Amino acid sequence: MSNGQGGPQSQWDPWKPQSQQPQQQPQQPWSGGGDEGTPDWAALAEASENRGRRRKLLFIGGGALATVAIGAAVALAVVSANGHNDASGHPTKAPSASLPDGSPTAPSFAPTSAPPPLDPKVFISSAKKDTAPLSPATLFPDARLTMGSTVYKKGATGDTTSCAAAAGGSLPKILAADGCTRVMRATYTNGDIAVTVGVALFDTEAQATKARQQTDDHSIVRALPGKGVAAFCDGATCRSTRNAYGRYAYFTLAGFTNGKNVTTKDTAVFRAGDDVAEFTFQQIHRRGQAQASAAANR
């Protein structure tokens, strides 16, 4: 469309930096006659549509830039929250977080303990429980007995159900009255000193305890010579002991094989009697331990 001026008219585009805005021409009065006075409505509509399209593209482009900026900010925040390396190259530690109240904890269990061991004495306190094989060979097993630095040689052994035959003084009546069922004996020697130990068996601990309580200094076991050991304590003064443990009552008689009387100065004789008595107690206790262990493993 011509506006009456010669030469091409420059197109000004507000979105192009090199375009120049045309100088505004003085407005001609509109008259209703002729084509030259009528506006070009199609061109005006096209220009308006182009301006709207450019504005829309601008908004879309600006939104994309904003989205990229927000995404970068979020990524930076996430990286910062995950920690960073300090100047020495050691990563910084993230802050520790405490568990909220009511959070699950490791399960706890009541402490357990092994059952208490069985009491060995229970198995040697009654004939019903004391059922392991028993003989002079199991009660006095070795040919030699060592107690401390002293060695005793084992001599003759004996086993009888006639308790009175193995006892002397006031002991035979006591054993018979309290229910003795068996007496086992063994003799040990060291030099010219000999010791016979006699173990009397009862059905219950109560019977053995009662028999022990009824004895006196004249309640003795008979000396057992033989197997290289001469007769001893036959009319001579000897030293005796009396004890009880479980269903067992045990007695010792110690003296000289040469027939000499024992006096309070003969400490070796006293020691020999005590050694054999202690060994006998240990053997009875070991018997209880063995049966208790066997019962626990069943």
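Since the model is a prediction, treat every value here as computed from it, not as a measurement.

Observations concerning the side chain of Asp130
When you line up the elements, Asp130 lands in the loop between α2 (120–123) and α3 (136–139). Take Asp130: its relative accessible area is 4%, and that puts it in the buried class. Reaching out from Asp130, the side chain makes a polar contact with the side chain of Gln291 at a distance of 2.9 Å. If near-sequence neighbours (up to four positions away) are discounted, Asp130 is found in contact with Phe123, Ile124, Arg247, Tyr248, Arg287 and Gln291.

Some points on the confidence of the model for the protein chain
Scored by pLDDT, the protein chain has a mean of 79; 61% of the residues are at 70 or more. Across residues 2–10 the pLDDT falls below 50, and counting only partners more than four positions away or on other chains, this stretch makes 4 contacts in the model. Every residue in residues 26–36 scores below 50 in pLDDT, and together they form 4 contacts with partners more than four places removed in sequence or on other chains.

Section: the side chain of Thr187
Within the element layout of this structure, Thr187 appears in strand β4 (residues 182–190). Taking relative accessible area as the criterion, Thr187 reaches 0% and is therefore assigned buried. At 2.6 Å, the side chain of Thr187 and the backbone oxygen of Leu224 are in polar contact. Discounting residues that sit within four places of it in the chain, Thr187 has contacts with Lys153, Lys154, Gly155, Ala156, Ala194, Val195, Thr196, Leu224, Val229 and Phe232.

Description of the sheet that holds strand β7 (residues 239–245)
Two modes of strand pairing occur in sheets, parallel and antiparallel, and in both the strands are linked by backbone hydrogen bonds. Here we have 6 strands laid out as an open sheet, ordered β1-β2-β4-β5-β8-β7, and antiparallel in their pairing. Taken across any chain shown, the strands that pair with only one partner, and hence form the sheet edges, are β1 (144–147) and β7. Along the sheet, successive strands turn relative to each other by an average axial angle of 25 degrees, direction set aside. Note that strand β2 (residues 150–160) and β4 share 6 bridges and pair antiparallel. When the bridges of β4 are listed, Gly158 appears paired with Arg185.

Points about the nonpolar core
With 27 residues, the main nonpolar core has Leu139, Phe140, Leu145, Tyr188, Val199, Tyr248 and Ile284 as its most contacted residues. Of all elements in the fold, only β1, β4, β5 (193–201), β8 (248–256) and α6 (267–296) reach the threshold of two or more residues within this core. Ignoring any residue separated from it by four or fewer positions in sequence, one finds Val199 in contact with Leu139, Phe140, Arg182, Val183, Met184, Tyr248, Ala249, Tyr250 and Thr280. Counting 21 residues, the second-largest nonpolar core is a separate cluster that includes Val183, Ala208, Ala223 and Cys233.

Basis of the calculations
Residues numbered from 1 in each chain as written. Predicted model: local features only at pLDDT ≥ 70, side-chain atom pairs only at ≥ 80, totals over all residues. Heavy atoms only, no water. Helix = DSSP H or I, 4+ residues; strand = E, 2+ residues; numbered from the N terminus. Buried < 20%, exposed > 50% of the residue type's maximum accessible area, 1.4 Å probe, protein only. Polar contact = N/O pair within 3.5 Å; in protein donor to acceptor, adjacent residues only side chain to side chain. Contact = heavy atoms within 4.5 Å. pLDDT = per-residue confidence, 0-100. Pairing = 2+ DSSP bridges. Axes fitted to C-alpha atoms, helices over the stretch in contact; angles between N-to-C directions. Core = buried A, V, L, I, M, F, W, Y, C linked by side-chain atoms within 4.5 Å.

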